[in-house]
2 protein chains.
Amino acid sequence: MDRIDRKLLNLLQEDASRTNAELADLVGLSPSSCLRRIRRLNEAGIIDRVVAVVAPAKAGKNLKAIVTVELERHGEQYMRQFLELVVAEPAVIQAYGVSGETDVVLMLRLADMDEFDTLCERLFRDRSNVARYYTMFVIRTAKETTAIPL
Amino acid sequence: MDRIDRKLLNLLQEDASRTNAELADLVGLSPSSCLRRIRRLNEAGIIDRVVAVVAPAKAGKNLKAIVTVELERHGEQYMRQFLELVVAEPAVIQAYGVSGETDVVLMLRLADMDEFDTLCERLFRDRSNVARYYTMFVIRTAKETTAIPL
DNA sequence: AGTGGTCTGCAATTTTATTGCACAAAATCG
DNA sequence: CGATTTTGTGCAATAAAATTGCAGACCACT
């Protein structure tokens, strides 16, 4: 992991659709060397995967919400149970167990309030061990990247 | 945007490193047709971009934190000013203006507590118009996807 | 200076993406 | 309802890109 690897990773985190020749040029290497480095990064699992990012607006998913959840009972099995429940929902794009007053934080990607309503019904009804939850709707997205600073 | 387009998008959101022939096969189309559809999705901006996802652990960024921030003064220009400040930080991977008591929610990706400490120093010191902030450290990541349900 | 290991660039080869074209399906229009 | 335009499709040829073998360069460690 030298300077060139880091540079490559930064470039690929930005735009992975570039051709190998282009990347090679940007880092100042021959295409073959560049390709071998990228393969090494893949095999080492440093590059976990390559994905297409869909524009939410163009996909009719304009509503984003961040939900903090406090559970009723706090055992490990209750936590696991609740996480299993939320993970199964396609609208839940991030789900974290966290420290502090709050037990779980969810990031939701939805079409509209109706979808939010039915989802809440499903996740936070009486049975599901949720003491309370608090929703923050995203008004403005100032930054949203998958790139890890290297 | 028919059934095949949606299928293609789902596949690409999962793994965009597949060859066109592979994708064509998965959706039951000829390579040329498949390619043309993908290009159409690109040109329409439905596919916003293609990125490599780096494994945080392998990059030495094991600490993730979610921070809720309440500003001192609540005008539009103050909000903008604060967002500009945080957006410039590479460790801030997501930054949202939200509804509710909280004004801003940040998602941080860090190497360790030291980095967290110095970042807080920079973002939340007296000058920066932050009334209070609350940090939740991520203990367990149950789900983390970029894929939008289609 | 010598040696094993790693990395590099070049050029050949293989794989993949891309395009032109003729035809078929669906939508549009008189 | 049939004619016509539009849109989408598969095939085959072409262009572009990725991949590999190989010889030499560089580096760290004796």
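Everything below is about the structure shown above.
Residues numbered from 1 in each chain as written. Chains lettered and ligands numbered in written order. Predicted model: local features only at pLDDT ≥ 70, side-chain atom pairs only at ≥ 80, totals over all residues. Heavy atoms only, no water.

Undergrad: I'd like a description of the protein's contact with DNA strand C, backed by residues and values.
TA: For DNA strand C, the set of nearby residues contains 13 residues, the closest of which are Ser-30, Arg-36 and Arg-37 of chain A together with Asn-20 and Arg-39 of chain B. The sugar-phosphate backbone supplies 60% of the atoms of DNA strand C found within 4 Å of the protein. In this structure, a phosphate oxygen belonging to DNA strand C sits 2.9 Å away from a main-chain N or O atom of Asn-20 of chain B. Taking Arg-39 of chain B, its side chain carries an N or O atom lying 2.6 Å from a phosphate oxygen of DNA strand C. Here the residues of the surface near DNA strand C are counted per class, giving three nonpolar, six polar and four charged. (Near = heavy atom within 4 Å. Polar contact = N/O pair within 3.5 Å; in protein donor to acceptor, adjacent residues only side chain to side chain. Nonpolar A, V, L, I, M, F, W, Y, C, P; charged D, E, K, R; others polar.)

Undergrad: Quick rundown of the protein's contact with DNA strand D? Include the residues and the values.
TA: Close contacts around DNA strand D come from 13 residues, with Asn-20 and Arg-39 of chain A together with Ser-30, Arg-36 and Arg-37 of chain B the closest. Take the atoms of DNA strand D that sit within 4 Å of the protein: sugar and phosphate atoms are 60% of them. One nitrogen or oxygen atom from the side chain of Ser-32 of chain B is found 3.0 Å from a base nitrogen belonging to DNA strand D. Contacts to DNA strand D include Arg-36 of chain B, whose side-chain N or O atom sits 2.9 Å from a base oxygen. Listing elements by their share of the surface near DNA strand D, those giving two or more residues are α2 (20-27) and α3 (31-43) of chain A together with α3 (31-43) of chain B. Residues belonging to the surface near DNA strand D are distributed by class as follows: three nonpolar, six polar and four charged. (Helix = DSSP H or I, 4+ residues; strand = E, 2+ residues; numbered from the N terminus.)

Undergrad: Give me the lowdown on the sheet that holds strand β3 (residues 92-98) of chain B, citing residues and values where you can.
TA: Consider a sheet: its strands pair through backbone hydrogen bonds, and that pairing is either parallel or antiparallel. Read once around its circumference, the closed barrel built from eight strands follows the order β2(A)-β4(A)-β3(A)-β5(B)-β2(B)-β4(B)-β3(B)-β5(A), with strand pairing classed as antiparallel. With direction set aside, neighbouring strand axes in the sheet form an average angle of 35°. By the bridge criterion, seven bridges tie strand β2 (residues 63-71) of chain B to strand β4 (residues 104-110) of chain B in an arrangement that is antiparallel. In the strand pairing of β4 of chain B, Ala-65 of chain B is matched with Leu-108 of chain B. The sheet contacts of helix α4 (residues 76-87) of chain B involve β5 (130-144) of chain A together with β2, β3, β4 and β5 (130-144) of chain B, and relative to β5 of chain A the element is tilted by about 80°. Running at roughly 145° to β4 of chain B, helix α5 (residues 113-124) of chain B makes contact with β2, β3, β4 and β5 of chain B of the sheet. (Pairing = 2+ DSSP bridges. Axes fitted to C-alpha atoms, helices over the stretch in contact; angles between N-to-C directions. Contact = heavy atoms within 4.5 Å.)

Undergrad: Explain the relation of the copies chain A and chain B residue by residue, including any values.
TA: Between the two copies of the chain lies a relationship made up of a rotation around an axis and a movement along it. Between chain A and chain B, which share one sequence, the superposing operator has a rotation angle of 180° and an axial displacement of 0.0 Å; the RMSD is 0.1 Å. The superposition operator between the copies reduces to a two-fold rotation axis. No C-alpha of chain A lies nearer the rotation axis than that of Val-51 of chain A, which sits 2.9 Å from it. A symmetric contact is evident, with 100% of the interface residues of chain A recurring at the interface of chain B. (Least-squares fit on C-alpha atoms with pLDDT ≥ 70 in both.)

Undergrad: Describe the interface of chain A and chain B, listing the residues and the values that go with them.
TA: Listed per partner, the contact involves 64 residues of chain A and 64 residues of chain B. Buried surface at the junction of chain A and chain B, both sides included, amounts to about 5,700 Å², of which 59% is carbon and sulfur. Across the contact surface, chain A and chain B share two salt bridges. In this structure, Glu-76 of chain B engages Arg-140 of chain A in a salt bridge whose closest nitrogen and oxygen atoms are separated by 2.8 Å. The tally of links between chain A and chain B comes to 41 residue pairs in polar contact (both at pLDDT 80 or more). Mapped by element, the contributors of at least two residues to the side of chain A that touches chain B are α1 (3-14), β1 (47-54), β2 (63-71), α4 (76-87), β3 (92-98), β4 (104-110) and β5 of chain A. With ten residues, β5 of chain A is the largest single contributor of residues to the side of chain A that touches chain B. Split into classes, the residues belonging to the side of chain A that touches chain B amount to 37 nonpolar, twelve polar and 15 charged. By the bridge criterion, seven bridges tie β1 of chain A to strand β1 (residues 47-54) of chain B in an arrangement that is antiparallel. (Buried area = accessible area lost by both parts, 1.4 Å probe. Salt bridge = Lys/Arg side-chain N within 4 Å of Asp/Glu carboxyl O.)

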